[in-house]
Amino acid sequence: MKKRLDFSKTKYKVKKGDTVEVIAGEHSGERGEVLSIDRKNARVFVKNINMIKKTMPKTQENQKGGIVEREASIHISNVMVVDKSGKATRVGIKEVDGKLKRYSKKSGEILDK
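Since the structure is predicted, the reported quantities are computational estimates derived from the model, not experimental observations.

Cut-off values and rules
Residues numbered from 1 in each chain as written. Predicted model: local features only at pLDDT ≥ 70, side-chain atom pairs only at ≥ 80, totals over all residues. Heavy atoms only, no water. Helix = DSSP H or I, 4+ residues; strand = E, 2+ residues; numbered from the N terminus. Buried < 20%, exposed > 50% of the residue type's maximum accessible area, 1.4 Å probe, protein only. Contact = heavy atoms within 4.5 Å. Areas by Shrake-Rupley, 256 points an atom, 1.4 Å probe, with all protein chains shown as cover. Patch = residues over 30% accessible without salt bridge, like charges linked within 9 Å, V, L, I, M, F, W, Y side chains within 5 Å. Salt bridge = Lys/Arg side-chain N within 4 Å of Asp/Glu carboxyl O. Lys, Arg positive; Asp, Glu negative; His and termini not counted. Charge placed at Lys NZ, Arg CZ, Asp CG, Glu CD. Pairing = 2+ DSSP bridges.

Caption draft 1: Highlighting the overall build of the protein. For the protein, the helix and strand inventory stands at 0 helices and 10 strands. Starting at the N terminus, the α and β elements of the protein follow one another as β-β-β-β-β-β-β-β-β-β. With the principal axes as the frame, the protein shows a C-alpha extent of 50 × 35 × 30 Å. Across the 113 residues that make up the protein, the buried fraction comes to 29%. In the protein, 41% of the contacts between residues at least 6 apart in sequence involve partners at least 24 apart. Total accessible area on the protein stands at roughly 8,400 Å², and carbon and sulfur atoms take up 49% of it.

Caption draft 2: Representation of the side chain of E21 in the model. Within the secondary structure layout, E21 lies in strand β1 (residues 19-22). When residues no more than four places from it in sequence are discounted, the contact partners of E21 are G29, E30, R31, N78, V79, M80, V82 and A88.

Caption draft 3: Here's a closer look at a positive patch on the surface. Residues K13, K87, R90, K105 and K106 make up a contiguous surface patch of positive charge. Relative to the helices and strands, K106 is located in the segment after β10 (99-104). Judged by relative accessible area, which is 57%, K106 ranks as exposed.

Caption draft 4: Region of interest: the sheet that holds strand β7 (residues 79-82). Strands sit in the order β6-β3-β2-β1-β7-β8 across an open sheet of 6 strands; the sheet is antiparallel. Edge strands, defined here as strands with exactly one partner in the open sheet, are β6 (73-75) and β8 (88-89).

Caption draft 5: Region of the structure containing unusual backbone geometry. With a phi close to 60 degrees, N48 is a non-glycine residue in the positive phi region. Along the chain, N48 turns up in the loop between β3 (43-46) and β4 (51-56). With a phi angle near 60 degrees, N50 is a residue other than glycine that sits in the positive phi range. Position of N50 among the secondary structure elements: in the loop between β3 and β4.

Purely geometric numbers; function is a separate question.
Dropping the structure here:
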């Protein structure tokens, strides 16, 4: 049986709510907001990127059922954070006022609030 890698303890520099640009694959060059991160499999869900159609059964919450269009995941290595200047950038971490903050390596500005 093939053993699956577990990335759950890995620290990522991409966070929910960040604007990211896809840098590889079918959707490269497109931008969107990170909806969620699957830390165990090192994947992200980006709003309106990598859309799939999925058949959903009828349930009490979803009375209609049928075909639903939703986002599929993208590997986290295929996205880059976009800073406030609008450019895709690598992210670094530095200490500011005793707290660790993410910053843009291109412009040097702090990404965290």
